[in-house]
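# Tertiary structure, described
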Amino acid sequence: MTSNTPSNEDPSKLSNQTGEKSSIPAPVLRENPEPTSSNAPIPLALTSIFFVIIFIAGIYLALNSGGFRSDVFSPKLVSWSGGGAGGVAAPVDPKVVGKRIFTQNCVVCHQTSGLGMPGQFPPLVGSEWVVGGDWVADNHLVSILLHGMQGAVQVKGVTYNNAMPPWKQLKDDQIAAVLTYIRSEWGNAAAPISPEYVKSMRDKTTARTEPWSQKELKAMPAESAGTSAAPAAPAPAAAKTTPSA
Ligand code: HEC
């Protein structure tokens, strides 16, 4: 009763780590060490899984964040050319989107009022460049937006000599929206510009690398965006395919 350990399992020999290991019996060696609480490092596998998740999340964000811009929308859900034909969701008013784009990109120079700054930035209100003039037409306006404008230019009889940067980094929809906005705001009343028309002008002027001068624009025959391009629903023909089998 005094000792329930077999004679060859002397506890004093077990704790003596420096001693001859041969004296420790096999069943004891097979035991796992007692678990202790310590600052063990996070297992490598767990760390790698964590980084893989972060990496995948990063890719997802990069692809779906829309650059964290506040004016992104899903083109799939928007029917630009006013209701009807195959619109999946209620159409978004391009003027609402256009106003946002204007506030983000144009207000610094042309001002919220659209009146510009005397001597520096020309007005958009009542400007022949915006609503059309004797020789100025829709193609000129879209060209200015895509590639910018520089040098002496007359707006409402006043000469400005400055430079506007190109806006080709904006998407076709966005340029169309901002133009539709400036053509219908502040008492301006000109027809909307469609994304298709912006695209056609973009395709036509891909070789252009410099802002236009008024002279160059004048050499460009006037062209109207027309109404023909606008109502044609760009949405892929209503997917009403009946199962053929
Ligand atoms: C950095 C200042 C600046 C910004 C930002 C800017 N513009 Fe301009 N814009 C100008 C200047 C300067 C001219 C005249 C260029 C010249 O003198 O040749 C001009 C000319 C124009 C014209 C033709 C002249 C007129 O007054 O009608 C239009 C249209 C126009 N800008 C629209 C826009 C739109 C839309 C945006 C936003 C997407 C924008 N601009 C952003 C400076 C700017």
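My aim in this report is to walk through the structure given alongside it, one point at a time.

Here the focus is the overall build of the protein chain. Looking only at helices and strands, one finds ten helices and two strands in the protein chain. Tracing the protein chain from N to C terminus, the helices and strands come up as α-α-α-α-α-α-α-β-β-α-α-α. Counting over 245 residues, the protein chain shows a buried share of 23%. In the protein chain, 64% of the contacts between residues at least 6 apart in sequence involve partners at least 24 apart.

Phi is positive for Gln111, which is not a glycine, with a value near 70°. Checked against the element boundaries, Gln111 lands in the loop between helix H5 (107-110) and helix H6 (128-131). When the 15 C-beta atoms within 10 Å are taken as the criterion, Gln111 is described as partly exposed. One non-glycine residue with positive phi stands out, namely Lys156, at about 50°. Positionally, Lys156 belongs in the loop between strand S1 (149-155) and strand S2 (158-164). Lys156 sits in the exposed class, given 12 other C-beta atoms within 10 Å.

Glancing now at helix H4 (residues 94-105). With twelve residues, H4 extends 16 Å from end C-alpha to end C-alpha; this agrees with the ideal 16 Å at 1.5 Å per step. Next to the buried residues of H4 lie H5 and helix H8 (172-182).

Here the focus is the site of the ligand. Taken together, 29 residues sit near the ligand, with Cys106, Cys109, Pro122, Ser127 and Met164 positioned nearest. Broken down by secondary-structure element, the contributors of at least two residues to the shell around the ligand are H5, H6, helix H7 (138-147), S1, S2 and H8. In terms of residue class, the shell around the ligand is built from 22 nonpolar, seven polar and no charged.

What follows deals with the pairing of S2. Of the strand pairs in this sheet, S1 and S2 are connected by seven bridges, and their pairing is antiparallel. Residue pairing in the sheet places Met149 in a bridge with Met164 of S2. Adjacent in sequence and paired antiparallel, S1 and S2 are bridged by two residues, among which Lys156 carries a positive phi angle near 50°.

Within the secondary structure, Ile182 is located in helix H8. The exposure class assigned to Ile182 is buried, which follows from the 26 C-beta atoms found within 10 Å.

Our focus in this paragraph is H8. Counting buried residues along H8, eleven of its eleven residues qualify, which places the element largely inside the surrounding structure. Along H8, the residues that are buried comprise Asp172, Asp173, Gln174, Ile175, Ala176, Ala177, Val178, Leu179, Thr180, Tyr181 and Ile182. For H8, the secondary structure elements touched by its buried residues are H4, H6, H7 and helix H9 (195-204).

Let's shift gears to the packing of H8 against H9. Between H8 and H9, the shortest axis-to-axis distance is 8 Å and the interhelical angle comes to 115°. Here H8 and H9 pass one another in a crossing that is right-handed. Where H8 abuts H9, its residues Asp172, Asp173, Ile175 and Ala176 lie against Pro195, Val198, Lys199 and Arg202. Taken together, the residues that form the contact of H8 with H9 break down as four nonpolar, no polar and four charged.

Quick look at the nonpolar core now. One broad trend across soluble globular proteins is that nonpolar side chains are buried collectively. Counting residues in each nonpolar core, the largest one holds 31 residues, and the members touching the most others are Val142, Val178 and Leu179. Elements that contribute at least two residues to this core include exactly H4, H6, H7, S1, S2, H8 and H9. With seven residues, H8 is the single largest residue contributor to this core. Not counting residues within four places of it along the chain, the set of residues in contact with Leu179 comprises Leu141, Leu145 and Ile193.

Parameters and conventions
Position labels on residues start from 1 in each chain and follow its written sequence. Local features in a predicted model are, by the rule used here, given only for residues with pLDDT of at least 70; side-chain atom pairs are given and counted only at 80 or more, and totals for whole chains, interfaces and linings are based on all residues. By definition, any uninterrupted DSSP run of H or I lasting at least four residues is a helix, any uninterrupted run of E lasting at least two residues is a strand, and each is numbered from the N terminus. Buried means a residue has 20 or more other C-beta atoms within 10 Å of its own C-beta, exposed means 12 or fewer, and partly exposed covers the counts in between; C-beta atoms are placed from the backbone. Whether two residues are in contact is decided by their C-beta atoms, placed from the backbone, lying within 7 Å. A helix's residues, less one, multiplied by 1.5 Å, set its expected span. Here, nearness means that the C-beta atom of a residue, built from backbone geometry, sits within 6 Å of the molecule or strand in question. Throughout this entry, Asp, Glu, Lys and Arg are counted as charged residues, while Ala, Val, Leu, Ile, Met, Phe, Trp, Tyr, Cys and Pro are counted as nonpolar. The remaining residues, Gly among them, count as polar. Only strands joined by at least two bridges in the DSSP assignment are considered to pair. In this analysis, axes come from line fits to C-alpha atoms, helices being fitted only over the stretch in contact, and the angle between any two N-to-C directions falls in the range 0 to 180 degrees. In this scheme the crossing of two helices becomes right-handed for a clockwise turn of the near helix relative to the far one and left-handed for an anticlockwise turn of less than a right angle. By convention in this section, buried Ala, Val, Leu, Ile, Met, Phe, Trp, Tyr and Cys residues joined through C-beta atoms within 7 Å make up a nonpolar core.

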